[in-house]
Amino acid sequence: MAKRNIVITGGAGFIGSHVVRLFVNKYPEYNIINLDKLTYAGNLANLKDIEDKPNYKFVKMDICDFDAFHKLMQQEQIDGIIHLAAESHVDRSIKDPFTFARTNVMGTLSLLQAAKLYWESLPEGYEGKRFYHISTDEVYGALTMNHPEGIEPPFKTVASSEGHKAYGDDFFYETTKYNPHSPYSASKASSDHFVRAYHDTYGMPTIVTNCSNNYGPYQFPEKLIPLFINNIRNRKPLPVYGKGENVRDWLYVEDHARAIDLIFHEGEVAETYNIGGFNEWKNIDLIKVMIKTVDRILGNPEGASLDLITYVTDRLGHDARYAIDSTKLQKELGWEPSLQFEEGIEKTVRWYLDNQEWMDNITSGEYEKYYEDMYKYNG
Ligand code: NAD
Ligand code: TYD
């Protein structure tokens, strides 16, 4: 395998840390640079196990800093960029959309322009180069729940849970028209368009992938799964937005990281791939699985924590259903998820319970106060 100099942005975050770990361990001949601003969501503790590896380097940088990034590209002779850095939480985007436009839109544009300037200055130009942008299925908007009781799904994968159901008969395809609703998804959609524009206008070798909801270790505990595991453990209320009927399609984070590795190396330039495991869950059903799993592992009587469920005011513009069709990635590149959902949840719950120190270091911070006035408990 040829030597490569790769920047992974957002490597101190949830998904980024799994991607950095995979690349550092799998490709000792590569130089892997983890570029991260270390916002509230960036945590170098996520990478303690690989921080001393000779092929790994951390650079603290804001992706909006065009000059600094252009200089880094030149100094490190970067030929591959895997771009994950972003503001990623929908609730925060509802409160503070400007930060999302700045980082997700302007930051991505800044990376693209710096890469263009550097790569176009080289004798070989764009040959052997790659700008890979990680995006979300939320850019496609929301699917209808025209089968609220669930139907036999047209697809199944290893990730599909026991008794797997689909809650509508439409899915997100690579050809689905963009229709983002939240400030978060609007900013990601905009960045996706800029990435494609750099291919179509300047010939930059870009790839975009759109993935469904990820879960697993090292996820910041503002997101549903880690937040609820931690609250169950600490006997704190579980704030379920609306009726808990919204559907999300869950994929284990290491399966996403493996897809990113495969697509970075073997994906077609200018293509888009959807990534997901055909694993739809109503929030309330998923929450009950988490309660059951945590209670069993902690030795509580079955159902002991069900009383923590607290229905709260719904999220503004709350998308009803996400469900992604990843057939293209499975057929063209041979990717498939490795973990069945119940196994993934068991592994995830155990990880958070076993890594209480990691969690406490975060929750002792300020972030919880941020939401105090946002969602008022009804119950
Ligand atoms: P995260 O919030 O856990 O991590 C984001 C990282 O980006 C953090 O380390 C943060 O410090 C860094 N960052 C933020 N602003 C920055 C800036 N201006 N400059 C440099 N670094 C900055 O996010 P995540 O859940 O790991 O998501 C990573 C990427 O994957 C995002 O682009 C997100 O849109 C996308 N994605 C996430 C999911 C999901 O379920 N979490 C699903 C599909 C796609
Ligand atoms: P989240 O983890 O924020 O991911 P996303 O909004 O990107 O899908 O939320 C997952 C689902 O859980 C979503 O439908 C909102 C819901 N939710 C709650 O009901 N309560 C909560 O406290 C959180 C954080 C999310």
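All residue numbers refer to positions counted from 1 along the written sequence of the respective chain. For naming, the first written chain is A and the first written ligand is 1, with later ones following in the order written. Only residues with pLDDT of 70 or above have their local features reported here, since the model is predicted, and side-chain atom pairs are shown and tallied only from 80 upward, although totals for entire chains, interfaces and linings are computed over all residues. To get the side-chain values, all heavy atoms of the structure are used, and hydrogens and water are removed first.

Colleague: Would you mind going over the sheet that holds strand β11 (residues 280-282) in detail, with residue names and values included?
Modeller: Taken in spatial order, the three strands of this open sheet run β7-β9-β11, and their pairing is mixed. Each edge of the sheet is formed by a strand with only one pairing partner; in this case those strands are β7 (213-215) and β11. Direction aside, the axes of adjacent strands within the sheet are offset by 50 degrees on average. Pairing between two strands requires that DSSP report at least two bridges joining them. Secondary structure is summarised from DSSP: a helix means a run of H or I of at least four residues, a strand means a run of E of at least two, and numbering begins at the N terminus for each. By the bridge criterion, three bridges tie β7 to strand β9 (residues 247-252) in an arrangement that is parallel. Directly across from Y215, in β9, lies its bridge partner Y252. Any two residues having at least one pair of non-hydrogen atoms within 4.5 Å are treated as being in contact. Each axis is a line fitted through C-alpha atoms, taken for helices only over the stretch in contact, and angles between the N-to-C directions span 0 to 180 degrees. Sitting on the sheet, helix α7 (residues 253-266) touches β7 and β9, and the angle it makes with β9 is about 70 degrees.

Colleague: I'd like to hear about the packing of helix α4 (residues 97-120) against helix α5 (residues 183-202), residue by residue, with values.
Modeller: Look at α4 against α5: their axes get within 8 Å of each other, and the N-to-C directions meet at 15 degrees. One element, α4, and the other, α5, form an angle in the roughly parallel class. For the pair α4 and α5, the sense of crossing is right-handed. Packed against α4, whose contacting residues are P97, F100, A101, N104, V105, T108, L109, L112, Q113, K116 and E120, the element α5 presents P183, Y184, S187, K188, S190, S191, F194, V195, Y198 and Y202 at the interface. Geometric relationships in this document are graded by angle, where less than 35 degrees denotes roughly parallel, more than 145 denotes roughly antiparallel, 65 to 115 denotes roughly perpendicular, and other angles denote oblique. Crossings are classed by handedness, with left-handed meaning an anticlockwise turn of the near helix from the far one by less than a right angle and right-handed meaning a clockwise turn.

Colleague: So what about the sheet that holds strand β3 (residues 56-60)? Which residues, and what values?
Modeller: Pairing is parallel across the open sheet formed by seven strands, whose spatial order is β3-β2-β1-β4-β5-β6-β10. If you trace the sheet from one side to the other, it starts and ends with β3 and β10 (272-275), each paired once. On average, adjacent strands in this sheet sit at an angle of 20 degrees to one another, irrespective of strand direction. Here strand β1 (residues 5-9) pairs with strand β2 (residues 31-36) via five bridges, running parallel. Bridged to I8 within β2 is N34. Across the sheet, helix α1 (residues 14-26) lies against β1, β2, β3 and β4 (80-83), angled at about 160 degrees from β1, the strand it touches most.

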